[in-house]
Amino acid sequence: MDSRRLAYLRALEIDVWERRDLPRSTPEPLPAETSAAVVTPVRSIEPVHAAAAATSTGVVGTGLGHAAGLGWEALEQAVRSCQRCPLHQTRTQGVFGVGNRKATWLVIGEAPGADEDRQGEPFVGRAGQLLNSMLKAMGLAREEVFIANILKSRPPNNRDPRPEEVRECIPYLYRQIELIDPRLILCVGRIAAQTLLDTDTPIGKLRGKLHHLAPMQPSGKPRPMIVTYHPAYLLRSPAEKRKAWGDLVLAMQTYERLGGANA
Ligand code: SF4
């Protein structure tokens, strides 16, 4: 195991077992935010569960609507100028998403918060730093993956997205999924998971298994998806980091099973 990955695993306070007959890795120093995290160690990894049944967002079969057929530039422009729901009145800017547009990993969260609204990029601030650490523990740089939200504009006071807002906005995300064609989606947080899987099942019962995100249009294909906790929740509830690490291990195992190494 390389020293950087070891460092991030230890930053998450994940016990790392190494063979005694091999040279021991020395962790690199970490950013203050990461190394200050207080978490519970994990000593076992949850097994891979059988795939859950495909589910619906409530928009399955309806087509991509206003996002259909848009290329990257047109899609980004559509988001930045979008006035399809009242959130455009209170946002600073639309937060399109960031990262590798040919990524094999797609991270999907809920909606921009105050920092994201200000900077125009998803997952910045403390939660963003923890997401970066989670990705690094998986051997992934932030720039290697694509990161997006189900809502592109910030709900006032960080309230939950409303169904009518999601209905208007989610075609943008589905078009992003179509363009990226990721091998695996990592869905972070209760709101994103419940929205994409069209369920009110608690996140504790959605994590730890493989889901398939149903397509919006008949020609689309189901997308493998693993659910885990939102980094902002993990900052508030560090004891849950051991479960989140189990989810990330499941995601890595699933990714490899679906087609190869994550390089
Ligand atoms: S949340 Fe989505 S649908 Fe609503 S204004 Fe922003 S980009 Fe448009």
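Residues numbered from 1 in each chain as written. Predicted model: local features only at pLDDT ≥ 70, side-chain atom pairs only at ≥ 80, totals over all residues. Heavy atoms only, no water.

Draft legend 1. Main features of the environment of Ala 232. Secondary-structure assignment places Ala 232 in helix H9 (residues 231-236). Judged by its relative accessible area of 25%, Ala 232 falls in the partly exposed class. Residues Ala 232 and Val 188, 44 residues apart in the sequence, show an inter-C-alpha distance of 9.8 Å. (Helix = DSSP H or I, 4+ residues; strand = E, 2+ residues; numbered from the N terminus. Buried < 20%, exposed > 50% of the residue type's maximum accessible area, 1.4 Å probe, protein only.)

Draft legend 2. Looking closely at the site of the ligand. All residues adjacent to the ligand are Cys 82, Arg 84, Cys 85, Leu 87, His 88, Arg 91, Lys 152, Ser 153, Glu 168, Cys 169 and Tyr 172. For the shell around the ligand, the class distribution of residues is 5 nonpolar, 2 polar and 4 charged. (Near = heavy atom within 4 Å. Nonpolar A, V, L, I, M, F, W, Y, C, P; charged D, E, K, R; others polar.)

Draft legend 3. Structural detail: helix H7 (residues 190-197). In terms of residue burial, H7 counts as a mostly covered element, since 7 of its 8 residues are buried. Buried residues along H7 sit against strand E2 (105-109), helix H6 (163-180), strand E4 (184-188), helix H8 (203-206), strand E5 (210-213) and strand E6 (223-228). Just downstream of H7, Asp 198 is the residue with a positive phi angle, here 50°. (Contact = heavy atoms within 4.5 Å.)

Draft legend 4. Representation of the sheet that holds strand E1 (residues 98-99). With mixed pairing, 6 strands are arranged side by side in an open sheet as E1-E3-E2-E4-E6-E5. Each edge of the open sheet carries a strand with a single partner, namely E1 and E5. With 4 bridges connecting them, E2 and E4 associate as parallel partners. Counted as the bridge partner of Val 107 is Leu 186 from E4. (Pairing = 2+ DSSP bridges.)

Draft legend 5. Looking closely at the pattern of salt bridges. Tallied over the entire structure, the rule returns 13 salt bridges. Measuring nitrogen to oxygen at the nearest pair gives 2.9 Å for the salt bridge that ties Arg 80 to Glu 76. With Arg 80 and Glu 76 both in helix H3 (residues 72-80), this residue pair falls 4 residues apart, about one helical turn. On the accessibility criterion, Arg 80 (35% relative accessible area) is partly exposed. (Salt bridge = Lys/Arg side-chain N within 4 Å of Asp/Glu carboxyl O.)

Function cannot be read off these values alone, since they describe shape.
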